[in-house]
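As a plain string of letters, each chain reads:
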Amino acid sequence: MNVLSIIDSDLTGHSAMSMQTKDLAKYGKLSDFLKTHTKQTHYTFQVKKCTESDCFVCNLCPPRLPADVFETMAFLPDPTLDISREHYKEFAEVYGCCTSEEDRPSLKAPNEKNETDKKRRSLLVAGKVRMAISCALCLKPRCVYSQCKLKREEEGAVRRLKSSKVYTCGNNLFEEGGRYHDTIVARVAVNCTSPVEATYYSSTLVSFPACCFHCGTVDNLLGPEDPTIATLRQQYAVVRPICLECFNDGKAPKTWGAQNMRKKRKV
Ligand SMILES: [Zn+2]
Ligand SMILES: [Zn+2]
Ligand SMILES: [Zn+2]
């Protein structure tokens with residue numbers, strides 16, 4: 001029996017595989033189940049059984065822990081800063097508390113990070129982009145910069161880093177004190193909410209596939225034939241790619257360099 005159909009009889013294995021967030025509204029029972037049994041955050045997806053007597057899912061397979069222990073089980077808390085705003089609270093202090101995602105590390109872009117990028121200003125330019133690496137969390141591509149062309153072993157080090165999928169936005173590519181820490185770098189004053197860097201699109205040494213400015217996907221990009229894009233292209237020197245999902249979400253295509261319309265009309 002399809003386990004998913006226990007949660008929502010409208011759901012098949014096939015529809016679940018091709019489902020996107022926007023389709024969730026069509027499945028009322030699944031939505032309710034997610035609301036009452038799961039916690040979804042940027043870092044985790046947690047599922048916990050309930051003890052409601054009329055729950056059609058948990059009744060099939062009730063909690064096996066003794067009731068008094070089960071009752072003390074809570075969802076894992078979110079990282080929460082203490083009053084100094086410099087350290088995170090101990091796990092025990094926040095376990096069982098209602099926490100939010102606002103302190104999550106990947107949302108932080110502290111000033112010292114700006115300082116690091118400032119120091120590397122001459123390196124973080126389109127002409128020094130050598131490769132791109134995807135963030136393991138938001139999947140957006142971030143540029144890899146180096147003063148000189150990467151040697152074979154340096155390229156190998158970046159490739160290994162890419163395949164290990166540990167890089168996330170705002171972190172250094174290589175550990176402090178390590179061989180490549182200051183020579184092969186990514187911008188650090190970014191987090192997972194930052195859009196794709198301008199240098200990704202204007203890189204002169206390597207050309208990357210077009211990707212959505214907002215979310216980094218290479219799929220379902222609006223083409224030049226799209227009426228909105230076509231109009232913007234007449235008005236602006238640069239119109240960054242945008243995917244259908246971001247566009248439907250109400251995000252505006254990123255434009256740059258307004259053309260002088262008056263001048264244009266005269267010509
Ligand atoms: Zn339940
Ligand atoms: Zn990211
Ligand atoms: Zn997008």
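Here, the structure is the one placed above.
In this report, we go over the structure that sits alongside the text. (Residues numbered from 1 in each chain as written. Chains lettered and ligands numbered in written order. Predicted model: local features only at pLDDT ≥ 70, side-chain atom pairs only at ≥ 80, totals over all residues.)

1. Topic: the overall build of the chain
- When you go through the chain residue by residue, the secondary structure sums to 11 helices and 7 strands.
- Taken against the 2.2 N^0.38 rule, which gives 18 Å for 267 residues, the C-alpha radius of gyration of the chain at 24 Å runs more than 25% over that of a compact globule.
- Taken over the C-alpha atoms alone, the chain extends approximately 75 × 50 × 40 Å along its principal axes.
- For the chain, buried positions account for 16% of its 267 residues.
- Expressed as a percentage of contacts within the chain between residues at least 6 apart in sequence, the contacts between residues at least 24 apart total 49%. (Helix = DSSP H or I, 4+ residues; strand = E, 2+ residues; numbered from the N terminus. Rg over C-alpha atoms; globule rule 2.2 N^0.38 Å. Buried ≥ 20, exposed ≤ 12 C-beta atoms within 10 Å, placed from the backbone. Contact = placed C-beta atoms within 7 Å.)

2. As for the sheet that holds strand β4 (residues 141-146)
- Spatially, the 3 strands line up as an open sheet ordered β3-β4-β5, and their pairing is antiparallel. What marks the edges here is a single partner per strand, and that holds for β3 (129-134) and β5 (184-185).
- Two strands pair when backbone bridges link them, and β3 and β4 are joined in this way by 5 bridges, in the antiparallel orientation. Note that in β4 the partner of methionine 131 across the bridge is valine 144. (Pairing = 2+ DSSP bridges.)

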